[in-house]
Amino acid sequence: MNTIKKITLLSSALVLAACGGSSSDKSPIPVPGGYTPTEPVFVYAVNVGGPEISFNGYTYSADQFSTDGATRDITDDIEGTEEDILYQSERYGDYSYEIPVTNGSYDVLMHFAETYWDEAGKRLFHVSVEGERIFTDLDLADSAGQLTAFQHTVQDVVVTDGSLTVTIETIEDNGSIAGIALFSISGEFVEPEPVEPQLPEPPAIGVASDENKGADCAVQALALDTDLIHDANLPDPFTKLDGSRMTTTAEWRCRRQEILRQAERYVYGTKPPKPEQVTGTVSGDSITIDVQDGDKSTSFSVTVDLPTTGTAPYPVLFSLGSGFFGFAHNDLVKNEGVAIVTVNPYDIGDESGSRGSKKGAFYDIYGAKSTTGLLVAWSWGVSRIIDVIEQSDGSILQADATAVVGCSRFGKGAFTIGAFDQRIALTIPFESGSGGVPIWRGIPGEGAQSPGSAYGETYWLGDDFQPFATNTNVEKLPIDTHEIVSMIAPRGLLILDNPHIANLGPQSAHVAALGGAEVYKALGAEENISYHSNVADGGHCSARPEHQQPVIDNLRKFLLKTANEPGAITPHSNTTGDLDTWKAWSTPTLSNE
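Conventions and cut-offs
Residues numbered from 1 in each chain as written. Predicted model: local features only at pLDDT ≥ 70, side-chain atom pairs only at ≥ 80, totals over all residues. Heavy atoms only, no water. Pairing = 2+ DSSP bridges. Helix = DSSP H or I, 4+ residues; strand = E, 2+ residues; numbered from the N terminus. Axes fitted to C-alpha atoms, helices over the stretch in contact; angles between N-to-C directions. Buried < 20%, exposed > 50% of the residue type's maximum accessible area, 1.4 Å probe, protein only. Polar contact = N/O pair within 3.5 Å; in protein donor to acceptor, adjacent residues only side chain to side chain. Contact = heavy atoms within 4.5 Å. Expected span 1.5 Å × (residues − 1). Nonpolar A, V, L, I, M, F, W, Y, C, P; charged D, E, K, R; others polar. Core = buried A, V, L, I, M, F, W, Y, C linked by side-chain atoms within 4.5 Å. pLDDT = per-residue confidence, 0-100.

## Focus: the sheet that holds strand β7 (residues 89-93)
- Taken in spatial order, the 3 strands make up an open sheet running β6-β7-β14, and their pairing is antiparallel. Single-partner strands in this sheet number two, and they are β6 (70-73) and β14 (175-177). Each strand of the sheet is rotated relative to its neighbour by a mean of 30 degrees, with strand direction disregarded.
- Examined bridge by bridge, β7 and β14 share 3 bridges and lie antiparallel to one another. When the bridges of β14 are listed, Tyr 92 appears paired with Ser 176.

## Thoughts on unusual backbone geometry
- Of the consecutive residues Ala 312 and Pro 313, the connecting peptide bond is found in the cis state with omega at -5 degrees.
- Mapped onto the fold, Pro 313 is located in the loop between β18 (296-305) and β19 (314-320).
- With omega at 0 degrees, the peptide bond leading from Ala 489 into Pro 490 counts as cis.
- With respect to the helices, strands and loops of the structure, Pro 490 is situated in the loop between α12 (481-488) and β25 (492-496).
- In this structure, Phe 65 takes a positive phi of about 70 degrees despite not being glycine.
- Relative to the assigned elements, Phe 65 resides in the loop between β4 (58-60) and β5 (66-67).
- A positive phi angle, close to 60 degrees, is found at Lys 561, a residue other than glycine.
- With respect to the helices and strands, the residue Lys 561 is situated in the loop between α14 (545-560) and β27 (569-570).

## Considering the side chain of Lys 358
- With respect to the element layout, Lys 358 can be found in strand β22 (residues 357-359).
- Given a relative accessible area of 4%, Lys 358 falls into the buried group.
- A distance of 2.7 Å separates a polar atom in the side chain of Lys 358 from the backbone oxygen of Ser 370.
- Contacts of Lys 358, omitting those with residues within four sequence positions, involve Tyr 363, Ala 368, Ser 370, Thr 371, Thr 372, Tyr 459 and Asp 463.

## Notes on the pairing of strand β20 (residues 339-343)
- Summarising burial for β20: 4 of the 5 residues are buried, a large majority.
- Here β18 pairs with β20 via 3 bridges, running antiparallel. The partner of Val 304 across the bridge, within β20, is Val 341.
- Here β19 pairs with β20 via 5 bridges, running parallel. What sits directly across from Phe 318, in β20, is Val 341.

## Examining helix α8 (residues 374-391)
- The terminal C-alpha atoms of α8 lie 26 Å apart, and with 18 residues this matches the ideal 26 Å at 1.5 Å per residue to within 8%.
- Within α8, 16 of the 18 residues are buried, leaving the element largely enclosed by the surrounding structure.

## A closer look at the packing of helix α4 (residues 252-268) against helix α9 (residues 409-420)
- Two elements in contact, α4 and α9, have axes whose closest approach is 11 Å; the angle formed by their N-to-C orientations is 145 degrees. For the pair α4 and α9, the contacting residues are Arg 256, Leu 260, Ala 263, Glu 264 and Tyr 268 in the first and Phe 415, Thr 416, Ala 419 and Phe 420 in the second.
- Taken together, the residues of the contact of α4 with α9 break down into 6 nonpolar, 1 polar and 2 charged.

## A few points about the nonpolar core
- Among the nonpolar cores identified, the biggest contains 93 residues, and Tyr 268, Ile 287 and Phe 318 are the most heavily contacted of them.
- The element that contributes the greatest number of residues to this core is α8, accounting for 11 residues.
- Ignoring anything within four residues of it in the chain, the contact list for Phe 318 reads Val 341, Val 343, Val 382, Ile 385, Ile 386, Ile 389, Thr 402, Ala 403, Val 404, Val 405 and Ile 424.
- Formed by 31 residues, the second largest nonpolar core is a distinct cluster that contains Phe 65, Val 127, Leu 138 and Val 157.

## Quick word on the confidence of the model for the chain
- For the chain, the average pLDDT comes to 90, and 92% of its residues sit at 70 or higher.
- Scored below 50 in pLDDT, residues 1-37 shows 85 contacts in the model against residues more than four places distant or in partner chains.

## Observations regarding the pairing of strand β11 (residues 132-138)
- Sheet analysis places strand β10 (residues 124-129) next to β11, joined by 4 bridges and oriented antiparallel. Within β11, the position partnered with Val 129 by the bridge is Glu 132.
- Between the antiparallel neighbours β10 and β11 lie 2 residues, among them Glu 130 with a positive phi of about 50 degrees.

Now the structure itself:
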């Protein structure tokens, strides 16, 4: 049975200074609390959430051996240490480290720093080593203060299973650790066998459908994460994966498929094609959806709210969520003769799960460990609702006149749904924030929710986004959200934003809209995209009178076909972006051949 004999606090500055020299130095190390290892051999250390670093003769390896959690880094000075860099990166959430070692005994030095909260009680978490609880409700702000190094050593940890495990369990906000170092008493680190990078297989060629008209396009193998380079500029949406640039509008069908495959691979996770069997019913107050794929099955339902004006069959607005995350202008929509279908996204993908145990109808079919995130899971769910409407007798709802809207996290969802299903005639992301419309490359400089926070808050994004979830590594993404905007082209897109909440990244959203609008322009559809953030101050997701006319204009244009008002890009003067500072490419004039 694994045992932990003794726990003592110590200063890493004292330990590392006393341990200075090579790992072969066998002299005892005096430290506070009477702790003197008899075999003070430095075995291994990991710079949690960060790159390889060295100081005082010790090397902390780049982050590895973790399961779950997200990484974050800062540049602030850290008090109580001369090794600021060790404490400027972290992994947060619920996760563990399993460091390969021989069976034996080890002293485990753990490094922590509160790099976010400035008051006690905001972050609480448990820490366990080899299954033994070391800290209960650890509060770093209370124990050390904000931006202050905090260290703890656990002595004589006995390992019997070939790996030393450190586990972080969140109680409030997110658990966090910055570094782990092992000193051997009677064991040693086991260097894992190197894994040769495998060349990725080209994405599978599918069958073209109205949902994905380019599914039959051959897309070449995508680059490995390790082959991607930092580039602060927005990628060129007109340059194909083979390096050639588009010259005709006809090329967009397959170029869009390249962008879709990159979006799946690096950001969202894969959206599977239509399952083997999708059935259901449509009535005046609900839609039921039943899915069968192989030996897996699931079902969910959504509510229908028919308008009192207009005539059946009615165009449809899919509203993600209700209340705060619903749509503030539902009555306005119904007054235009459009039905509201309210979707509870959590029936399809539930945030109460975790990356290792995802929940909801999508994961009933594709597994709790699917690497696909919630945004694409929600997209899959709405696509299955459209399948059922298409199969109905068409007397109540129109399958070929649909729109989707959502706010905040559901604004991210609406944006993704519209991008991934070409049957959606109008997409309305409302104050979507990071992971939605704003360009990834812009949000760190704007003070918006960071890439790491957007990745770690819940599993909105695919698991494979993790390598890019820092303010610097996000520049290695071979795509950005202006290209997700372009995936909606030439269909209707109305982006509604809030310039008064910096955390939402409105300036970066404006840049994304401008970048995507260049694709709309090249396709001769520049009047089909709108961006509106020139609104008075107000709460998040609140009903804004300035949005009413753009909503009406777009419903009439793309669903009702009773008007043809051109789109408009109207940012707030305080959050206006400059696309030219973000791109090194120009928009081609495409022929219609």
